[in-house]
Amino acid sequence: MKVSTSGSNTVSVTSLAEEISTDSGPTRNLPEPRGCIGPGRNGQQFCGKPTESRRSVLCVAHSSQRKNGGSLQPLRTRTNTSKCIGPGQDGGACGRSVFSRPVGEDDGVCKTHYDQLKRRGFMSPIGRRLPPLSDKCSGPGRDGSALCGRPAEARDTLLCSPHDRQLKKNGVLRPIRMVNTPEGPCVGPGPNGASCGRPMENKAHRLCQSHYAQRHRGKELTPLKLTRKRGEVARCGFEGCRYNDAPGGEGYCHHHWRQLHSGQDLTPLKRKLNRGRSVLDRDENGNKLCIGCLTWKSESDFSKVSAARDGLNYKCSRCHASIRMERVYGVDLDHYEAMLAAQGGCCKICRRPAPAGQNRFAVDHNHRCCPGTLSCGHCIRGLLCQPCNQGLGLLQENGNILRQAAEYVLLNDAAFAVRE
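Residues numbered from 1 in each chain as written. Predicted model: local features only at pLDDT ≥ 70, side-chain atom pairs only at ≥ 80, totals over all residues. Heavy atoms only, no water.

Attention shifts here to the overall build of the protein. Each helix and strand counted, the protein has ten helices and eight strands in total. Expressed as a percentage of the 420 residues in the protein, the buried residues total 27%. For the protein, the share of sequence-separated contacts (at least 6 apart) that also reach a separation of at least 24 residues comes to 31%. (Helix = DSSP H or I, 4+ residues; strand = E, 2+ residues; numbered from the N terminus. Buried < 20%, exposed > 50% of the residue type's maximum accessible area, 1.4 Å probe, protein only. Contact = heavy atoms within 4.5 Å.)

Summed over all chains, the structure comprises one aromatic pair. Here the basic side chain of Lys 111 rests over the ring of Phe 99, its NZ or CZ set 5.6 Å away from the ring centre. The ring of Phe 302 carries the charged tip of Lys 288 above its face, separated from the ring centre by 5.1 Å. (Phe/Tyr/Trp six-rings, centres within 6.5 Å; stacked < 30°, edge-to-face > 60°. Lys NZ or Arg CZ within 6 Å of the ring centre and 35° of its normal.)

On to the side chain of Gln 116, then. One can find Gln 116 in helix α3 (residues 111-119). Judged by its relative accessible area of 6%, Gln 116 falls in the buried class. Here the side chain of Gln 116 touches Ser 124 through a polar contact of 2.8 Å, landing on its backbone nitrogen. If we skip the residues at most four places from it in the chain, Gln 116 touches Gly 121, Phe 122, Met 123, Ser 124 and Ile 126. (Polar contact = N/O pair within 3.5 Å; in protein donor to acceptor, adjacent residues only side chain to side chain.)

Before going further, it helps to examine the state of the cysteines. Following the criterion strictly, the structure yields zero disulfides and no others. Distance from the sulfur of Cys 110, which forms no disulfide, to the nearest cysteine sulfur (Cys 84) is 3.7 Å. (Disulfide = S-S within 2.5 Å.)

Once that is clear, we can look at helix α8 (residues 333-342). Restricting attention to buried positions, one finds in α8 the residues Leu 333, Tyr 336 and Met 339. Considered in projection along α8, the buried side chains sweep an arc of 120° and stay on one side of the axis. Exposed residues on α8 whose side chains face more than 90 degrees from its buried face are Ala 341 and Ala 342. Against α7 (317-329), β7 (362-365) and β8 (380-384) lie the buried residues of α8. At the C-terminal side of α8, Gly 344 shows a positive phi close to 75°. (Arc of directions from axis to C-beta.)

On to the nonpolar core. Counting residues in hydrophobic clusters, the biggest one holds 14 residues, and the most contacted among them are Tyr 336, Cys 347, Phe 361 and Leu 383. Put simply, the parts of the chain that give this core at least two residues each are α8, β8 and α9 (386-394). Setting aside anything within four residues of it in sequence, one finds Leu 383 in contact with Tyr 336, Met 339, Leu 340, Gln 343, Cys 346, Cys 347, Lys 348, Phe 361, Ala 362 and Val 363. Counting eight residues, the second largest nonpolar core, distinct from the first, contains Cys 36, Ile 37, Cys 59 and Leu 72. (Core = buried A, V, L, I, M, F, W, Y, C linked by side-chain atoms within 4.5 Å.)

Taken as a whole and assessed by the stated rule, the structure comprises ten salt bridges. Of the charged contacts in the structure, one is a salt bridge between Arg 282 and Glu 299, with a shortest N-O distance of 2.9 Å. With Arg 282 in the loop between α6 (254-261) and β3 (288-289) and Glu 299 in the loop between β4 (296-297) and β5 (302-304), this pair connects stretches of sequence that are 17 residues apart. The partly exposed category is assigned to Arg 282, whose relative accessible area is 27%. Residue Glu 299 is classed as partly exposed on the basis of its relative accessible area of 37%. (Salt bridge = Lys/Arg side-chain N within 4 Å of Asp/Glu carboxyl O.)

The complete set of buried residues in helix α4 (residues 161-169) reads Pro 162, His 163, Asp 164 and Gln 166. Downstream of α4 by one or two residues, Gly 171 has phi in the positive range, about 80°.

Turning our attention to unusual backbone geometry. Non-glycine residue Arg 351 carries a positive phi angle of around 60°. Positionally, Arg 351 belongs in the loop between α8 and β7. Residue Gln 396 is not a glycine yet carries a positive backbone phi of 65°. When you line up the elements, Gln 396 lands in the loop between α9 and α10 (399-419). A relative accessible area of 60% places Gln 396 in the exposed class.

Let us now look at the side chain of Asp 283. For Asp 283, the position within the fold is in the loop between α6 and β3. It turns out Asp 283 is buried and unbridged, and the closest side chain with the opposite charge, Arg 282, is 7.1 Å from it. Engagement of the side chain of Asp 283 in a polar contact is seen with the backbone nitrogen of Gly 286, the distance being 3.0 Å. (Lys, Arg positive; Asp, Glu negative; His and termini not counted.)

With that settled, the discussion passes to the packing of α7 against α8. Close contact between α7 and α8 brings their axes to 8 Å; oriented N to C, the two are set at 85°. Comparing the axis directions of α7 and α8 gives the class roughly perpendicular. Seen from α7, the contacting residues are Arg 318, Ser 322 and Met 325; seen from α8, they are Leu 333, Asp 334, Tyr 336 and Glu 337. (Axes fitted to C-alpha atoms, helices over the stretch in contact; angles between N-to-C directions. Parallel < 35°, antiparallel > 145°, perpendicular 65-115°, else oblique.)

Below, the discussion takes up the pairing of β8. In terms of burial, β8 is largely enclosed, as four of its five residues are buried. As judged from the four bridges shared by β7 and β8, these two strands associate in the antiparallel manner. Looking at β8, one finds that Asp 364 is bridged to Gly 382. (Pairing = 2+ DSSP bridges.)

This next bit is on the environment of Ala 362. The residue Ala 362 is located in strand β7 in this model. Separated by 22 residues in the primary sequence, Ala 362 and Leu 384 place their C-alpha atoms 5.2 Å from one another. The residues touching Ala 362, leaving out its near neighbours within four places in the chain, are Gly 382, Leu 383, Leu 384 and Asn 389.

Okay, structure coming up:
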């Protein structure tokens, strides 16, 4: 086995089994090392670190180098006290934190000097970043003002960059011309037929930023929505509007603003009954208004809902039952009661009234039209009691099977009648 290293610190280890005894004591030709026999740092012959195990001659780091298939290299010492050895401003060393260092050496160079070596091949002192100047430019200002007033950027002349270029180029200082700086209000449309009045952002079209965006998208210029700051209270421009703290565009609430821009006449908004504070309203008899049938009913006709302010539902129990029936069978409760009255309050097949404890008959529909439990409302055949409805389902609603079942029962009854 051979392990070799490159560089000035070169150690050739051949046939570790022959030269280094692992079982019978020290090596024959070399003095017994007190530690790792790998190459050391800064010209040292051996690394000297503790070996990986008693039977090993290399430390953990050098053993890792050998396992990775590379040559043994001096180990790098990573310390926070190392400083950059590149040239500094005052003739000494740079002194910045080390970014890269040669293999086996403690000293290195910082990131800036490393980039210099990589790009140019040599290093030069790094310029220090000076803090910005606190002085103001003393050049002539615009509109007859004595001083420019811009922050000074040139340290030798204490002028701003445009005045410093004028001085070094022509030797004459003149006021700085404002290039393409619009002045004046926007001429776009505003509320109530007036102009927009916002600060102009585009000099060519004399428009503010929002109106210029409308023109850039190819749309017709329209008044902008009026915005309000957080915490401000603004009333809707429509008299009697209940949205007094929800302004939208042009001084109107969101709902009236939509009426205005859809071409409709401004009209009062429809009030949602029994919502908000009106949920607690009661008449002189203590009845509550149902928003479904718009009738005053006793509180016992409303189901309990814990999320409601008064603990009762918005709609009465009859309205909820009518909604569920219309969702399943396609007819409401009024239609159901009219069908039941036409049948005389009895089942349409057996002509018997509803048994005790059964509130309603089953709504029977043709499953060829609407397979399943839902119905469209047009295929309803009638109202049946529970036994008749289940019998139709068990006999698959097949007319031939029902006819044969009827003949079977009638013939059997006739046979018993002859015997008697």
